[in-house]
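# Structural overview
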Amino acid sequence: MASNATSVEERRERARRRKPKRQIRMSDVLAWFTLILLLLFSLVPMAWMLSTSLKTQFAALQLPPEWIPSNITFEHYIRLLSPGSEVGQEFLRYFWNSIFVSTMTTLAAVAIAVPAGYAFSKFRFPGRQGFFIAVLIRNMFPAIVFLIPLFIMMRTFGLIDTHLALIITYLTFGLPLAIWLLKGFYDNIPTELEYAARIDGASRFQAFIRIIMPLSTPGIIATAIYAFIIAWNEYVYALTFLSSRNLLTLPVGLQRFFDEFVTNWPGLMAASFVMSIPVVIIFLVLQRFFIQALTEGAVKS
Amino acid sequence: MAVSAPQQATGQVATRNRREPKNVFQRAYRQWADYTYIMPALLAMFFVIAYPIAYTIYLSFYSTPTAGENVWNGLTNYTSIITAERFWMITQNTMYWTIVSTILAFIIGTAAALVAQREFIGRGLVRGIFLIPWVISHVATAYIWVWIFHSDYGLVSGMLMDLGIISSPLVILDSTTWAMPALILVNVWKDFPFIMIMMLAGLQTVPEHLLRAAKIDGASTWAQFRHVTLPHLKGVIIITLLLTIVMNLNHFTLPWIMTGGGPASSTHIWITEVYALAFRSLRFGIASAFSVILFIIMMSMAYFYVKAMTAGDDRRR
Amino acid sequence: MAEVRLDGLIKYYDDVLAVDDVNLTIKDGDFVALLGPSGCGKTTTLNLIAGLIDLSDGEIWIGDRDVTDLDPKDRDIAMVFQNYALYPTKTVYNNLAFPLQMRKTPKNAIDERVRKTAEMLSITHLLDRLPRELSGGQQQRVALGRALVRNPRAFLMDEPLSNLDAKLRVQMRAELKRFHQTLNATMIYVTHDQLEAMTMADNIAVMSDGRVQQYGPPEEIFYDPANLFVAGFIGSPAMNFLHGEISTENGVTSVKGDPGWVYPLTPANAQKASHCTSGRIIIGARPANLILSREEHPGMIPGSVYTVEPTGDTTFVHITIGDQIYVAITDPFFRAEPDDPIWVDLEDDRIHIFDEATEEVLREDGLNSQSIHGKKTLQPA
């Protein structure tokens, strides 16, 4: 009950100025504590990689380990990225190969997964469930189980030691989840939009290209990121399919480095860092699409 | 325009069915245009899935000498794998690796999801940071951690010595006791973000009004989680666990680069063993038989996976 | 504009029969409402006419063309959807222009048509906006505009007003009716809202279980329902149904109700009841045709007051008779307490007699020309 002494105006004024009560609960403390632990867990290895890459080879082998190098050097980065040096030439070659293979894989994956995802979402045709299960099952199988037959098959087609062999293989790694992601996206686009376009004079295909495709841009971006990262990071197939030095992609190339300069840890860390930059940047910029796609697609229902 | 001729009994009407061919092939033919959307996917899948599976099964019944023709040898490949003591040792490693990795990654990933779904300033950044380990390549991950675990100059060894906990450098990746736990730690570091994303996505589907209702009914934060959130996430948890188990069974790169299966095969798991058999020893026949065994194990898991995945799909229509 | 004729449409979804032998002729320039509860097959029927789903059997004619196997784009129809289905990435202008662009209309002709349509709907100031920047009512207008922008042979509308708030709905209803009258367009309008159907349509096809139950002008549907379903579905509050047995004593036919009351039938109603094959009938009486009395009179049905609901200019009285509750509409000054005894009389020339076994209406001549369950192409009476 409001006391009789204060007027309504005074009580309003007091109410306006009253801040919501802040009370710190046990669960909040626990959450912040967990958050800090997890951040440390995620970041310490990354920080150590960066720190090492900025040390001289001598400084890297000092005990106790130094977190912040006393004299920072960029020599390893310069060596890796200068086309003049022998190491740089090789590293840039690997880098370019990785970009080529990953980009081609991404383009092909999007071109194939977009119509397939749409068909799985909107069409009902005999055998649809069967294809769908095949797509899902592929998701379950380890890449390596397919390595032996694919190696023999690629050898038969004379594709061993070509980038094409890698592109074809990476494509199918990414396809199942890509189709699944896009299907989830198309499930959320009302069928009426396609209907409206067809009534307005578009064929089914025109309706898809002109109306539905532009709407699924976030899904397509997510698919593209996914395909790109898979291709960029893949190791086993590149290790097995490629033998010519000038064709190697970064992950295998990195291993070559390691084998040859076994004690040059700062150089190796610098190379790892440069290799991680593209995917981390792409992902940080576009992760919103990726999480959205997963939320709307894979985990629904 | 009335059709004046009265038609017969109602039952008659349903039997004229000239526009709905009963035959599956006829219907498939009528909808051929629909298939053009999935044809490319289908072709790609055939070449990289159906054919390899068939070929692996075929090879698994042959002995494949490096020089000369393949020779049929029936089930010999299978029996020699299963009877070898090594197979059981590696199976034990695989179980250890898979089970411990899955449980730890699940706990950490779920904790991360619960933390990252709270509203606070910089949430997007925190989510992004959590996801970095998942995004960078296994090869880079492996080298970073090999360096961290380096026995003479590594971070772990160095810090512990600096703190005076140990006096001589700690051998980790070359120790039969510590190599596997170290690998598992790296694996968890690499995989927990995946579980976080799945759980985050799942958490967003928990209806807000149910949580409010529980709050009004006097449930504590823990009780809300236990009685509302967890039951709602059951489906997501099952799928995530299955995917993580399969992922762990298939992690090749980390053990291969970090320890190469050593020391004394203590970190060899199924998948590295198959690779070593095929591409180190060039025994494709035996390796194929080993693959088929893995197929069968994965297939039984795939069965549950597909069941979990398609259950919702049918209900929605 | 053209006549639309549906000839024996059947649609199966796998094993579920969604549309069961629908025969309808929608006359050129007619506004026809397909009215029914959800799941009655009305939207499926509309989609079949549009060609958006394949039909299992039957033929569809628009004008003098058999369009049964044509793509939607070749049927020359326009459609307005319940959720409007505006293209989210296109501006209002481009939404309106899209149907014309797809038909390869010259650019300046497109511009002229789009602006004319926008003016007609007073949305000219919205032309540069995206759909998500519009209110629900504005989106509805754009959806309508996209249909009006060209000159189709028929307009199909799938519950176009159901996402609007009540006030806007009344306004758009009037506007739609105006458009129909000025354009003289053939319109097929799907709705579950009987008020929309009654107010706008020239003819209503009441659907249930995938079948057309009755097809005719609104007043006929209301005053002369062909069967129990139509009688119960049309009208609010719904028609009261009193079940009973026919008995004739001393030349007077009366109905003996299940709770024990006896209600004498007039000669005309007795004539209708005489066509009943089962001996049991259902009397249908709209709430306005119930006359209440506080005193007992012979030939009235005894009951008790359940509750009284004043609504302003009328009052609804809920009455318990036996174990059923019925509704009567009375003058606003009626007063009663719960459980007060009350007697009910019926307006004899306004009630309907149904055969309990077939649920068909019974007429004096014994013929039911209306409820023919789609056995021939229905023409509005």
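## So, the overall build of chain C
- Along its length, chain C carries nine helices and 20 strands.
- Counting only C-alpha atoms, chain C reaches 80 × 45 × 35 Å along its principal axes.
- Within chain C, buried positions represent 44% of all 381 residues.
- A separation threshold of at least 6 residues defines the contact pool for chain C, and within that pool the share at least 24 residues apart is 66%.

## Quick look at the overall build of chain B
- Regarding its fold elements, chain B presents 15 helices and two strands.
- Put simply, chain B has 317 residues, and 39% of those count as buried.
- Sequence separation of 24 or more characterises 65% of the internal contacts of chain B that already satisfy a separation of 6 or more.

## Re the packing of helix 5 (residues 85–116) of chain B against helix 9 (residues 179–203) of chain B
Residue and element names in this part refer to chain B.
- Running from N to C, helix 5 and helix 9 cross one another at 45°; their axes reach a closest spacing of 6 Å. Classified by the angle between their axes, helix 5 and helix 9 sit oblique to one another. Handedness of the crossing formed by helix 5 with helix 9: right-handed.

## Considerations on the confidence of the model for chain C
Residue and element names in this part refer to chain C.
- Averaged over all residues, the pLDDT of chain C is 90; the fraction at 70 or higher stands at 96%.
- Low pLDDT, under 50, characterises residues 370–377; the stretch is placed with 30 contacts to residues that sit more than four places away or in other chains.
- For this predicted complex, the interface confidence reaches an ipTM of 0.81, while the overall pTM sits at 0.74.

## Section: the domain arrangement of chain C
- One can read the domain layout of chain C as domain 1 (4–229) and domain 2 (237–355).
- For domain 1 of chain C versus domain 2 of chain C, the distance between C-alpha centres works out to 40 Å.

## As for the sheet that holds strand 20 (residues 352–355) of chain C
All names here are of chain C.
- Pairing in this open sheet of five strands is antiparallel, and the strands run 13-12-11-14-20 from one edge to the other. Strand pairing shows two members of the sheet lacking a second neighbour, strand 13 (262–264) and strand 20, which therefore form its edges. Here the average twist between neighbouring strands, direction ignored, is 40°.
- Taken together, the four bridges between strand 14 (residues 280–285) and strand 20 define a ladder with antiparallel strand orientation.

## Concerning the pairing of strand 3 (residues 31–35) of chain C
All names here are of chain C.
- Among the five residues that make up strand 3, five are buried, leaving the element largely enclosed by the rest of the structure.
- Across the two faces of strand 3 the burial is the same, with Phe31, Ala33 and Leu35 and Val32 and Leu34 all buried.
- Relative to strand 8 (residues 187–191), strand 3 is paired through five bridges, and the arrangement is parallel. Among the inter-strand pairings, Val32 is bridged to a residue of strand 8, identified as Ile188.
- As judged from the four bridges shared by strand 3 and strand 9 (residues 203–208), these two strands associate in the parallel manner. Paired with Leu34 across the bridge in strand 9 is Ala205.

## Details of the sheet that holds strand 16 (residues 301–310) of chain C
Residues and elements named next belong to chain C.
- Taking strand neighbours across the sheet as the criterion, the five strands line up as 15-19-16-17-18 in an open arrangement whose pairing is antiparallel. Edge positions in the sheet fall to strand 15 (290–293) and strand 18 (324–330), since each has one partner strand and no second. Across the sheet, the axes of successive neighbouring strands diverge by a mean angle of 45°, strand direction being ignored.

## Concerning the environment of C:Met198
- Among the secondary structure elements, C:Met198 is positioned in helix 6 (residues 194–200).
- Classification of C:Met198 by C-beta neighbours within 10 Å gives partly exposed; the count is 18.

## What to know about the environment of B:Leu131
- With respect to the secondary-structure elements, B:Leu131 resides in helix 6 (residues 123–135).
- Classification of B:Leu131 by C-beta neighbours within 10 Å gives buried; the count is 23.
- Considered as a pair, B:Leu131 and B:Tyr35 are 96 residues apart in the sequence and their alpha carbons are 37 Å apart.
- Setting aside residues no more than four positions away along its own chain, B:Leu131 makes contact with A:Phe283, A:Gln287 and B:Pro193.

## Focus on the confidence of the model for chain B
Residues and elements named next belong to chain B.
- Counting all residues, the mean pLDDT for chain B is 80, and 85% of those residues have values of 70 or more.
- Here helix 1 (residues 10–15) stands out as the least confident element of chain B, with mean pLDDT 37; helix 5 is the most confident, with 93.
- Considering only residues more than four positions removed or in separate chains, one finds that residues 1–21, a stretch of pLDDT under 50, has 30 contacts.
- When the criterion is pLDDT under 50, residues 313–317 qualifies, and its contacts beyond four places in sequence or with other chains add up to three contacts.

## Details of helix 9 (residues 191–199) of chain A
- Counting buried positions over the nine residues of helix 9 of chain A gives seven, a clear majority of the element.
- Where helix 9 of chain A is buried, its residues contact helix 10 (204–215) of chain A together with helix 1 (42–50) and strand 6 (77–80) of chain C.
- Backbone geometry just after helix 9 of chain A places A:Gly201 at a positive phi near 110°.

## Digging into the packing of helix 6 of chain B against helix 9 of chain B
Residue and element names in this part refer to chain B.
- Put simply, helix 6 and helix 9 touch, their axes get as near as 7 Å, and they point 125° apart. By the criterion of interaxial angle, the relationship of helix 6 to helix 9 is oblique. When the axes of helix 6 and helix 9 are compared, the crossing they make is left-handed. For the pair helix 6 and helix 9, the contacting residues are Phe130, Leu131, Pro133 and Trp134 in the first and Trp189, Lys190, Pro193, Phe194 and Met196 in the second.
- Residue composition of the contact of helix 6 with helix 9, by class: eight nonpolar, no polar and one charged.

## Things to note about the pairing of strand 19 (residues 341–346) of chain C
All names here are of chain C.
- Burial along strand 19 is one-sided: the face carrying Ile342, Val344 and Leu346 is buried and the face carrying Pro341, Trp343 and Asp345 is not.
- Of the pairings in the sheet, the one linking strand 15 to strand 19 comprises four bridges and is antiparallel in character. Bridge pairing in strand 19 links Leu292 to Val344.
- In the sheet, strand 16 pairs with strand 19 via four bridges, with the strands oriented antiparallel. When the sheet's bridge partners are listed, Ile301 is paired in strand 19 with Val344.

## Here we look at the environment of C:Arg113
All names here are of chain C.
- Inspection of the secondary structure puts Arg113 in helix 3 (residues 107–120).
- Spatially, the C-alpha atom of Arg113 lies 6.3 Å from that of Val149, the residues being 36 residues apart in sequence.
- Each residue touching Arg113, except ones within four places of it in the same chain, is listed here: Leu100 and Val149.

## Considerations on unusual backbone geometry
- Cis geometry marks the peptide bond from C:Ser236 to C:Pro237, where omega comes out at -5°.
- Tracing the chain through its elements places C:Pro237 in the loop between helix 8 (228–233) and strand 11 (240–249).
- Its identity as a non-glycine residue notwithstanding, B:Ser265 has a phi of 60°, on the positive side.
- Residue position: B:Ser265 is located in the loop between helix 13 (253–258) and helix 14 (270–280).
- Its 18 C-beta neighbours within 10 Å are what place B:Ser265 among the partly exposed residues.
- A positive phi angle, near 55°, is found at C:Lys104, a position not held by glycine.

Reading the values: the criteria
Residues numbered from 1 in each chain as written. Chains lettered and ligands numbered in written order. Predicted model: local features only at pLDDT ≥ 70, side-chain atom pairs only at ≥ 80, totals over all residues. Helix = DSSP H or I, 4+ residues; strand = E, 2+ residues; numbered from the N terminus. Buried ≥ 20, exposed ≤ 12 C-beta atoms within 10 Å, placed from the backbone. Contact = placed C-beta atoms within 7 Å. Axes fitted to C-alpha atoms, helices over the stretch in contact; angles between N-to-C directions. Parallel < 35°, antiparallel > 145°, perpendicular 65-115°, else oblique. Left-handed = near helix turned anticlockwise from the far one by under 90°. pLDDT = per-residue confidence, 0-100. Domains from an automatic or database assignment. Pairing = 2+ DSSP bridges. Nonpolar A, V, L, I, M, F, W, Y, C, P; charged D, E, K, R; others polar.

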